[in-house]
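Fold and contact review
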Amino acid sequence: MENWLAGAEAGRRHVMSRLQVYYLTGTGNSLLAARWLAAAARAAGFGVAVRSIVPAPSSDGPDAQPGDLLALCLPTHAFTAPWAMIRFALGLPPSRGTPALVLVTRGTLLVGRVLIPGLEGTAAYLIAGILRVKGYDVRGVHAVDMPSNWTIVHPAMSVEPTERVVGQAEVEVTAFVQSVLAGRRRLDGQVRLALGLALAPVSLLYNILGRFRLAKLNFATRACNSCGRCARECPHGAIRMRGRPPRPFWTYDCQGCMRCRSYCPTEAIETSYSFGALASFLTGSSALAFLVGEAARHVPAARALNRGWLGRLATYAYGLGAMALVYRAFHAAIRVPAVNRFFALTTPTTRFRRYRAPGVSAADLRGDE
Ligand SMILES: Cc1cc2nc3c(=O)[nH]c(=O)nc-3n(C[C@H](O)[C@H](O)[C@H](O)COP(=O)(O)O)c2cc1C
Ligand code: SF4
Ligand code: SF4
């Protein structure tokens with residue numbers, strides 16, 4: 001069956017016959033959402049291709065043909081789109097009216113018996129805006145609640161509410177894509193976009209600073225058996241196995257997607273709150289001010305590093321550089337069993353349940369459907 005939709009350019013019509021879905025996922029929620037899009041499109045007689053954007057698509061990338069509907073499917077990170085999807089959208093070829101849709105998953109939380117909805121903020125419309133600027137005809141924008149996977153901040157939901165939330169999400173996503181396939185324009189969530197714009201400073205701070213610092217709080221407890229799976233399965237190649245016996249070492253390439261933590265077979269991956277507090281002290285602006293003060297005794301011009309924009313830039317560069325150094329020391333220190341035990345005992349993440357999207361295996365997360 002072929003579906004006809006009015007094209008973006010006056011007088012032009014698009015025959016939509018194939019759905020191309022590109023997705024980014026950490027723990028499988030956005031993969032499930034991509035599969036639901038695909039199932040609804042197949043049921044409507046469309047050809048379907050579903051591809052992960054990391055590592056880079058295995059074919060020669062998005063090559064919109066006449067008749068394609070492009071769908072981008074992604075999680076929310078800090079009220080916006082993850083950097084990997086922003087980069088992918090920026091790298092798409094320009095188009096003259098190819099229809100497109102954006103589907104975002106966000107994290108809902110169970111507090112007592114109440115489900116608190118997630119907030120996608122600018123995630124969906126940032127990607128939709130990039131598509132629009134590139135000449136795509138954005139026909140659908142939607143965000144759907146899935147169980148939150150940010151399990152370094154809170155425990156994952158138990159099985160029953162997880163399945164309930166996922167079941168509801170499937171119904172919602174199917175209805176959304178069916179209306180887009182039927183030719184209706186669905187630009188949902190504009191109030192949430194306004195909230196996202198108000199929270200834009202938080203999103204920006206997370207992306208330029210927070211995610212790098214969080215990456216360096218990860219460590220493996222003594223439950224680690226050096227299998228190397230976390231390094232192999234990381235979609236962003238952000239983990240190196242270092243030392244003897246090898247232990248995971250997180251680099252600044254980490255995007256905080258939670259895959260390593262969720263799929264480690266011995267649940268050895270934790271995020272250290274106590275090291276975080278110590279590192280903030282050593283790598284923050286007060287430490288820099290002290291160092292600059294000391295340097296200024298010999299080189300008075302160094303005082304400029306404490307003032308104005310130069311000061312802010314110096315604080316930023318010092319924070320990242322010092323964090324990388326301090327993390328090396330941390331990675332070495334946790335080899336000592338007593339030190340490792342101390343950091344494991346002083347972080348709540350050891351007690352937080354991991355999250356994996358129901359029915360999604362590590363092999364499913366690896367690639368094309
Ligand atoms: C680092 C990080 C930040 C997150 N920030 C948000 C957020 O701002 N708003 C929200 O609703 N969910 C947030 N979440 C939850 C995820 O967006 C949500 O669980 C998503 O469905 C995960 O999809 P995935 O399994 O495809 O990665 C965050 C998760 C992570 C790991
Ligand atoms: S997957 Fe887990 S057990 Fe294997 S190397 Fe990584 S942290 Fe250690
Ligand atoms: S290191 Fe872990 S959290 Fe970071 S990007 Fe890789 S799999 Fe995701």
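So, here is what we can say about the structure in this document. As a convention, each chain's residues are numbered from 1 in the sequence order in which they are written. Labels are handed out in written order, letters beginning with A for the chains and numbers beginning with 1 for the ligands. A pLDDT threshold of at least 70 governs which residues receive local features in this predicted model, and a stricter bar of 80 or more applies before side-chain atom pairs are shown or counted, although totals over entire chains, interfaces and linings include all residues. Just so you know, side-chain values use all the structure's heavy atoms and leave hydrogens and water out.

Describing helix H9 (residues 273–283)
Inclusion rule: Each residue gets one of three labels from its accessible area relative to the maximum for its type: buried under 20%, exposed over 50%, partly exposed in between, using a 1.4 Å probe on protein chains only. Helix numbers and strand numbers start at the N terminus; a helix is a DSSP run of H or I with at least 4 residues, a strand a run of E with at least 2. Think of it as the arc spanned by the lines of direction from the helix axis to the C-beta atoms. What makes two residues a contact is simply this: any of their non-hydrogen atoms within 4.5 Å.
Listed as buried for H9 are Phe275, Gly276, Ala279 and Thr283. For H9, the angular spread of the buried residues around the axis is 105°, confining them to a single face. Structurally, H9 contributes buried residues whose contacts are with helix H6 (200–215), helix H10 (285–298), helix H11 (308–333) and helix H12 (337–345).

Some remarks on the packing of aromatic side chains
The condition is simple: Two rings from Phe, Tyr or Trp (for Trp, the six-membered ring) form a pair when their centres sit within 6.5 Å of each other. Planes less than 30 degrees apart are called stacked, planes more than 60 degrees apart edge-to-face, and all others tilted. By the criterion adopted, a ring carries a charge over it if an Arg CZ or a Lys NZ lies within 6 Å of its centre and within 35 degrees of its normal.
Applying the stated criterion across every chain, the model contains 10 aromatic pairs. Summarising the aromatic geometry, the rings of Phe219 and Phe330 are spaced 5.7 Å apart at their centres and angled 70° between planes, so their arrangement reads as edge-to-face. With Phe219 in strand E10 (residues 218–220) and Phe330 in helix H11, this pair connects stretches of sequence that are 111 residues apart. The interplanar angle of 50° and the centroid separation of 6.0 Å between the aromatic rings of Tyr327 and Phe330 together place this pair among those described as tilted. Pair noted here: Tyr327 and Phe330 are both in helix H11, with a separation of three residues, about one helical turn. Of the two residues examined, Tyr327 and Phe330, each falls in the buried class. One aromatic cluster in this structure is built from Phe219, Phe249, Phe275, Tyr327, Phe330, Phe342 and Phe343. Geometry around Tyr252 places Lys216 over its ring, the cationic atom sitting 4.8 Å from the centre. The residue whose ring lies beneath Arg356 is Tyr263, and the NZ or CZ to ring-centre distance is 4.5 Å.

Comments concerning the pairing of strand E6 (residues 99–111)
Going by this rule: For two strands to count as paired, DSSP must find a minimum of two bridges between them.
As paired elements, strand E5 (residues 68–75) and E6 share six bridges and run parallel to each other. From the neighbouring strand, Leu72 faces E6, where its bridge partner is Val102. Looking at chain direction, E6 and strand E8 (residues 137–147) are connected through 10 bridges and run parallel. Residue pairing in the sheet places Ala100 in a bridge with Val138 of E8. With three bridges joining them, E6 and strand E7 (residues 114–116) adopt antiparallel strand pairing. Looking at E7, one finds that Leu110 is bridged to Leu115. Here E6 folds back onto E7 in antiparallel fashion, the turn holding two residues, of which Gly112 has a positive phi close to 65°.

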